[in-house]
Amino acid sequence: MARKNPQTVRALTDCSYLPPGAQVPEPRIDEVDIPIASADTCMHEDTVCPDCAWQWQVDHLFCERFPWQHHPRPHDG
């Protein structure tokens, strides 16, 4: 059976904030699913494609590979 390409990719993002009157930020890490788009349909803001993935990686820690990344092959021993 052929493997279907995922519609989203999961990532962690830092959503820490400074509550009113506080001097120390309140830590908050959110897990988000970012929709995957092709390079010709991606708006580079709400979706990720091979052309803009590097920009997303500045603020997000991706929990899985992008569908266009090659999986390493095990070495024959």
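Going by the structure above, here's the rest.
Residues numbered from 1 in each chain as written. Predicted model: local features only at pLDDT ≥ 70, side-chain atom pairs only at ≥ 80, totals over all residues. Heavy atoms only, no water.

Now for the overall build of the protein chain. Summing up its helical and strand segments, the protein chain has one helix and three strands in all. When the helices and strands of the protein chain are listed from N to C terminus, the series reads β-β-α-β. Per-residue burial for the protein chain yields a buried fraction of 19% across its 77 residues. The contacts in the protein chain between residues at least 6 apart in sequence include a share of 37% that link residues at least 24 apart. Total accessible area on the protein chain stands at roughly 6500 Å², and carbon and sulfur atoms take up 52% of it. (Helix = DSSP H or I, 4+ residues; strand = E, 2+ residues; numbered from the N terminus. Buried < 20%, exposed > 50% of the residue type's maximum accessible area, 1.4 Å probe, protein only. Contact = heavy atoms within 4.5 Å. Areas by Shrake-Rupley, 256 points an atom, 1.4 Å probe, with all protein chains shown as cover.)

Counting across every chain of the model gives two aromatic pairs. An angle of 55 degrees between the planes, with centres 4.7 Å apart, marks the rings of F62 and F66 as tilted. Of the two residues, F62 and F66, both sit in the buried class. When the centroid spacing of 4.7 Å and the interplanar angle of 5 degrees are considered together, the rings of F66 and W68 count as stacked. (Phe/Tyr/Trp six-rings, centres within 6.5 Å; stacked < 30°, edge-to-face > 60°.)

This part is about the pattern of salt bridges. Inspection of the entire model under this criterion finds three salt bridges. Here R10 ties to E31 by a salt bridge, and the two come within 3.0 Å at their closest N and O atoms. Of the two residues, R10 is situated in strand β1 (residues 8-14) and E31 in strand β2 (residues 29-35); the sequence distance between them amounts to 21 residues. The partly exposed category is assigned to R10, whose relative accessible area is 33%. Taking the shortest distance from any N to any O, the salt bridge between R28 and D30 comes out at 2.9 Å. Within the structure, one salt-bridge network assembled from shared partners comprises R10, E31 and D33. (Salt bridge = Lys/Arg side-chain N within 4 Å of Asp/Glu carboxyl O.)

Before going further, it helps to examine the sheet that holds strand β3 (residues 60-62). Spatial strand order, β2-β1-β3: three strands in an open sheet with antiparallel pairing. Two strands in the sheet have a free side with no partner beyond their single neighbour: β2 and β3. The mean angle between the axes of side-by-side strands here comes to 35 degrees, regardless of whether they run parallel or antiparallel. One ladder, built from three bridges, connects β1 with β3; its direction is antiparallel. Note on β3: the bridge partner recorded for T13 is H60. (Pairing = 2+ DSSP bridges. Axes fitted to C-alpha atoms, helices over the stretch in contact; angles between N-to-C directions.)

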